[in-house]
Amino acid sequence: MLGDFGKNISNVFKRILSQTTIDTDAVEALIKNLQRELIKTDVDVKLIMDLSNNIRQKCLKQEIPAGLTLREHVMKVVYDELVNLLGEQKATLIGKKKIMLVGLFGSGKTTTCGKLAKYFQKQGLKPALIACDYHRPGAPEQLKQLGQKLNVPVYVSEEKDPYKAIKEGIGKFGKYDTIIIDTAGRDALDKQLAKELKKMHELAKPDEVLLVLPADIGKVGGKQASEFHKLVGITGVIVTKMDGTAKGGGALSACHETGAKVKFIGIGEKLDDLQQYDPVRFVSRLLGMGDLQTLLEKVKETGFKEEDATKILSGKFTLQDFYDQIESMQKMGSLDGVMEMLPGMGSIVPKDMLKIQEEKMKKYKYMIDSMTKQERENPDIIHSSRIERIAKGAGVKKSEVKELIKQYEQTKKLLKKMGGKAGMKRGAMSKLLKKFGLKL
Ligand SMILES: Nc1nc2c(ncn2[C@@H]2O[C@H](COP(=O)(O)OP(=O)(O)OP(=O)(O)O)[C@@H](O)[C@H]2O)c(=O)[nH]1
Ligand SMILES: [Mg+2]
């Protein structure tokens with residue numbers, strides 16, 4: 001469903017690359033483009049409207065966080081919106097529980113029962129399985145084999161009666177920590193099967209009802225999810241087959257329809273191929289721009305804090321601050337890598353230049369490392385004998401120390417000139433990059 005979404009959305013962002021001020025027009029244009037892309041890929045209209053409203057609200061009403069550019073801020077808003085839908089936290093299933101897996105035919109329910117049993121075993125818990133699929137002849141045997149591999153008991157009703165399986169299974173497994181119930185694949189709209197599922201649910205009274213959805217479910221995902229939800233109340237979603245080419249967009253609609261969050265992701269056929277849902281990884285994958293998200297998170301981690309900005313603007317930018325800034329940038333990885341992460345930026349700055357800058361930044365750090373605390377706080381005192389000592393300590397030429405001081409002075413001047421809070425907030429990072437000779 002959202003296969004092309006990632007590709008197209010990154011084009012949408014590229015379009016606002018050149019804009020530096022947030023105004024209603026810019027945000028409206030972005031939302032319009034975003035809507036067009038979403039509609040093209042069959043995303044539910046109600047979901048699009050909700051997303052649009054939230055993005056509009058946040059982009060226009062929220063202040064841009066310090067250290068982020070407008071483009072990064074907008075992306076962060078879109079990211080946050082998706083995370084809000086899909087789940088903010090890495091999900092966990094802990095403790096004594098009854099879990100029922102439901103979903104369409106072949107979505108991966110039975111396999112996931114085995115994977116979950118293994119997941120609980122790794123937590124030191126004792127899981128047990130109940131087979132409740134008596135529609136497909138091979139189903140109980142499939143679950144039995146999984147149980148054998150894991151040394152986990154599997155209850156199968158001799159009479160092939162799902163209700164009896166639940167009653168007897170739960171009775172028998174009273175001492176186990178977690179009971180996992182495998183159900184038959186069904187279309188939630190099939191009346192007969194719906195009735196059966198509802199009754200099984202009433203008998204089992206599960207703590208969790210997990211909807212198993214294959215990543216490539218497409219448009220029917222939302223509808224099916226909402227039908228299952230009406231029948232038995234979905235408490236979580238497991239997206240299987242994420243190892244394929246699809247990007248799990250069906251989960252978006254499913255979560256929207258049910259209010260349930262993604263808990264696990266299936267990434268292969270083996271019992272170990274189950275991952276806890278991780279919002280950053282999942283949403284990045286969904287948007288097809290994983291690296292960009294990583295960058296965003298890093299900018300957030302390492303970017304200016306409001307206090308820093310105020311301090312610097314008041315003229316108190318010391319060599320220690322300069323050092324911290326270099327360190328922040330280095331934490332983001334190689335400059336080359338940082339540029340690659342920004343859509344459309346990868347090819348703008350010549351690679352040789354980046355290498356030279358990187359080397360320079362490394363040397364700057366050595367030099368500042370060789371300074372006393374006093375020198376860092378008050379660089380004005382650094383004159384000839386001190387320069388010589390610093391150069392020796394850092395293993396560089398005296399001229400290089402002088403260059404560092406000049407560079408620091410220029411940065412300080414520039415930061416002062418940038419003035420005004422808005423200046424610091426908007427694009428502080430890219431302006432600093434520019435200061436290091438990188439013309440974006
Ligand atoms: N690649 C991949 N294959 C998976 C994954 N999960 C399940 N499968 C495969 O999908 C197929 C169907 O899996 P089942 O677990 O039998 O699905 P089911 O929902 O129980 O199917 P029914 O009971 O017939 O409705 C099997 O071949 C599984 O090996 C996954 O995360 N990745
Ligand atoms: Mg099955």
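The rules behind the values
- Residues numbered from 1 in each chain as written.
- Chains lettered and ligands numbered in written order.
- Predicted model: local features only at pLDDT ≥ 70, side-chain atom pairs only at ≥ 80, totals over all residues.
- Heavy atoms only, no water.
- Core = buried A, V, L, I, M, F, W, Y, C linked by side-chain atoms within 4.5 Å.
- Buried < 20%, exposed > 50% of the residue type's maximum accessible area, 1.4 Å probe, protein only.
- Helix = DSSP H or I, 4+ residues; strand = E, 2+ residues; numbered from the N terminus.
- Domains from an automatic or database assignment.
- Phe/Tyr/Trp six-rings, centres within 6.5 Å; stacked < 30°, edge-to-face > 60°.
- Salt bridge = Lys/Arg side-chain N within 4 Å of Asp/Glu carboxyl O.
- Axes fitted to C-alpha atoms, helices over the stretch in contact; angles between N-to-C directions.
- Parallel < 35°, antiparallel > 145°, perpendicular 65-115°, else oblique.
- Left-handed = near helix turned anticlockwise from the far one by under 90°.
- Contact = heavy atoms within 4.5 Å.
- Nonpolar A, V, L, I, M, F, W, Y, C, P; charged D, E, K, R; others polar.
- Pairing = 2+ DSSP bridges.

Student: Help me understand the nonpolar core, please; the structure alone is not making it clear to me.
Tutor: The nonpolar side chains of a soluble globular protein tend to be buried, and buried together. Core analysis: the biggest nonpolar cluster contains 80 residues, and L86 and L116 have the highest contact counts within it. It is helix α4 (residues 70-86) that contributes the most residues to this core, eight residues altogether. In terms of domain composition, this core takes at least three residues from each of domain 1 (5-88) and domain 2 (97-277). Among the nonpolar cores identified, the runner-up in size contains 20 residues, and F317, Y364, I390 and A394 belong to it.

Student: What exactly am I supposed to notice about the packing of aromatic side chains here?
Tutor: The full count for this structure, using the stated rule, is three aromatic pairs. On the numbers, 4.8 Å between centres and 80 degrees between planes, the contact of Y119 with F264 is edge-to-face. With Y119 in helix α5 (residues 109-122) and F264 in strand β7 (residues 261-266), this residue pair connects regions lying 145 residues apart in the sequence. Linked through ring pairs, Y119, F120 and F264 together constitute an aromatic cluster.

Student: Quick question: what am I supposed to make of the pattern of salt bridges here?
Tutor: Any two side chains of opposite charge can pair if their charged atoms end up close together. Under the definition given, this model contains 14 salt bridges. Of the charged contacts, one joins K122 and D272 as a salt bridge, the two residues approaching to 3.0 Å between their closest N and O atoms. Linking K122 in helix α5 with D272 in the loop between β7 and β8 (274-276), this pair joins segments that are 150 residues apart in sequence. Classification of D272 as partly exposed rests on a relative accessible area of 42%. One salt-bridge network, in which partners are shared between bridges, spans K118, K122 and D272.

Student: How should I be thinking about the packing of helix α7 (residues 162-172) against helix α8 (residues 191-204) in this particular structure?
Tutor: Relative placement of two packed helices is described by the angle separating their axes and the distance separating the axes. α8 packs onto α7 with a crossing angle of 15 degrees between their chain directions and a minimal axis gap of 9 Å. Taken together, the axis directions place α7 and α8 in an arrangement best described as roughly parallel. Taken as a pair, α7 and α8 cross one another with a handedness that is right-handed. For the pair formed by α7 and α8, the contact residues are P162, Y163, I166, K167 and I170 on the first element and E196, K199, M200, L203 and A204 on the second. Among the residues making up the contact of α7 with α8, the classes are represented as seven nonpolar, no polar and three charged.

Student: Would you explain the pairing of strand β6 (residues 236-240) in this entry?
Tutor: Residues in a regular strand project their side chains so that they alternate between the two faces of the sheet. Burial of β6 is extensive: five of the five residues sit out of reach of the surface. In the sheet, strand β5 (residues 208-214) pairs with β6 via five bridges, with the strands oriented parallel. Among the inter-strand pairings, V212 is bridged to a residue of β6, identified as I238. Relative to β7, β6 is paired through four bridges, and the arrangement is parallel. Counted as the bridge partner of V239 is I265 from β7.

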